[in-house]
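# Coordinates in review
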Amino acid sequence: MNNKILILGGTGTVGAEVAKYLHKQGRDYVLGLRSSSEHQALRVELDYADEATFAPALEGVTGIFMITPGFVTGIEAAFKKLIQAAEKSAVQHIVYSSVIGADANPDGTHRQIELALEASTVPHTILRPNFYMQNFITYEADNTKQGRIFLPTDDGKTSYIDVRDIAHAFDAVLYQEAHHGKAYTLTGSEALNNTEIAQIFAATTGQPFENVNPSEAKYEQTLLSYGVPQGVVEASKSLYSYIRSGYMGAVSNDFEALTGKPPIAIQTFAKDLVH
């Protein structure tokens, strides 16, 4: 039987990397997208606001890479309905890219979706990655280009994970019965604060890098001045408060246990900054 994989968020930071990884492996996949003039050959219509698109998008699909869109509230209901649609389809395995520590917040979006998976009849695996290294070249691209890290994290450490490793972990667990019902925490091999990361970026790129470490008020003021919506600002502040409070420094060996390889080092990721 042909194993076709549906990738949610296929044009996002993680989903695009999953697609790239599967392409290199010669796997059959499609991108679930609401609308796009690109990727037509690999696209199926999937609109979270339109339940009628769910069943057609799942036709012929046996595996799903599931990830929620960033900074979107109230998405839990749509994902629960999508999981219900998967129960009525030929889907054999859902792998959900959640977040580190999701199980500690029972009311959070990610945990609500995890619980929906746990209650479903579809075999599933949960990946809980820490902050992505690629945030420095997506959300923080302008600051990174200016040679600075502008995040209100004080000395808090983070065990950043490269999204290429998330894609690798997804492929390692997909269709593997041993991983059904399991949850894995994905981190890098070390926890670093932003001063240490700035030093690594400077040493790797040969360019000066500064950890500005603004106050939370200054961070909020700056984002608002760029026209970032207040809701996104509040969500960002909340995320970085976890780093500041020391909650994001745990290091897990789950990635190496799943793949047999060590996580990509931030020094390796930093080389991408000069390309």
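Details of the structure are given in the entry above.
Here is a short report on the structure shown in this document. (Residues numbered from 1 in each chain as written. Predicted model: local features only at pLDDT ≥ 70, side-chain atom pairs only at ≥ 80, totals over all residues. Heavy atoms only, no water.)

### Section: helix α4 (residues 109–119)
Along α4, the residues classified as buried are R111, I113, E114, A116 and L117. At its buried positions, α4 is contacted by β4 (61–66), α3 (76–87), β5 (93–97) and β6 (124–129). (Buried < 20%, exposed > 50% of the residue type's maximum accessible area, 1.4 Å probe, protein only. Helix = DSSP H or I, 4+ residues; strand = E, 2+ residues; numbered from the N terminus. Contact = heavy atoms within 4.5 Å.)

### Considerations on the packing of aromatic side chains
Enumeration according to the criterion identifies 10 aromatic pairs in this entry. On the numbers, 5.2 Å between centres and 90° between planes, the contact of F136 with F201 is edge-to-face. Pair noted here: F136 is in the loop between β6 and α5 (141–145) and F201 is in helix α7 (residues 194–205), with a separation of 65 residues, a long-range link. Comparing F136 with F201, the two get one shared label, buried. (Phe/Tyr/Trp six-rings, centres within 6.5 Å; stacked < 30°, edge-to-face > 60°.)

### Topic: the pairing of β6
Of all 6 residues that make up β6, 6 are buried, and the element is covered over most of its length. Across the two faces of β6 the burial is the same, with H124, I126 and R128 and T125, L127 and P129 all buried. One ladder, built from 4 bridges, connects β5 with β6; its direction is parallel. Paired with Y96 across the bridge in β6 is I126. A crossover links β5 with its parallel partner β6, the connecting element being α4, and its sense is right-handed. Where β6 lies against strand β8 (residues 182–186), 5 bridges are found, and the strand directions are parallel. The residue of β8 that forms the bridge with I126 is A183. (Pairing = 2+ DSSP bridges. Right-handed = clockwise from strand over helix to strand, strands pointing away.)

### Concerning the nonpolar core
In this structure, I7, V14, V18, F170 and L186 are the most contacted members of the largest nonpolar core, which totals 27 residues. When contributions to this core are tallied by element, the ones reaching two or more residues are β1 (4–8), α1 (13–24), β2 (28–33), α6 (163–173), β8 and α10 (254–259). Element by element, the count of residues in this core is highest for α6, at 6 residues. If you look at the next biggest cluster of nonpolar residues, it comprises 25 residues, including L6, F79, A86 and Y96. (Core = buried A, V, L, I, M, F, W, Y, C linked by side-chain atoms within 4.5 Å.)

### Some points on helix α9 (residues 230–244)
Here α9 is 15 residues long and its end C-alpha atoms lie 21 Å apart, about the 21 Å a rise of 1.5 Å per residue gives. Those residues of α9 that sit buried are V233, S236, K237, Y240, S241 and I243. Down the axis, α9 shows its buried residues gathered within 145° of arc, on one side only. Tucked into the core, α9 has its buried residues touching α8 (216–225). (Expected span 1.5 Å × (residues − 1). Arc of directions from axis to C-beta.)

### Let's talk about the sheet that holds strand β3 (residues 43–45)
Taken together, 7 strands build an open sheet; the order of strands is β3-β2-β1-β4-β5-β6-β8 and the sheet is parallel. The open sheet is flanked by β3 and β8, the only strands paired with a single partner. The mean angle between the axes of side-by-side strands here comes to 25°, regardless of whether they run parallel or antiparallel. Note that β1 and β4 share 4 bridges and pair parallel. In the sheet register, K4 faces β4, and the bridge partner there is V61. Sheet strands in contact with α3 are β1, β4 and β5, and its direction is about 160° off that of β4. (Axes fitted to C-alpha atoms, helices over the stretch in contact; angles between N-to-C directions.)

### Things to note about the pattern of salt bridges
Under the definition given, this model contains 13 salt bridges. A salt bridge links R111 to E114; its shortest N-O distance comes to 2.8 Å. A residue pair is termed a helical-turn pair when its members lie 3 or 4 positions apart in one helix, as R111 and E114 do in helix α4 at 3 residues. According to the relative accessible area criterion, E114 is buried, its value standing at 0%. Notably, a salt bridge pairs E216 with R244, separated by 3.0 Å at the nearest N-O pair. With E216 in helix α8 and R244 in helix α9, this pair connects stretches of sequence that are 28 residues apart. By relative accessible area, which is 31% here, E216 ends up partly exposed. Taking relative accessible area as the criterion, R244 reaches 28% and is therefore assigned partly exposed. Taken together, the shared-partner salt bridges connect D103, R111, E114, E118 and R128 into one network. (Salt bridge = Lys/Arg side-chain N within 4 Å of Asp/Glu carboxyl O.)

### Brief notes about the environment of P129
The residue P129 is located in strand β6 in this model. Taking relative accessible area as the criterion, P129 reaches 2% and is therefore assigned buried. Along the chain, P129 and S159 lie 30 residues apart, while their C-alpha atoms are 9.5 Å from each other. If near-sequence neighbours (up to four positions away) are discounted, P129 is found in contact with S97, S98, V99, I100, I161, I166 and L186.

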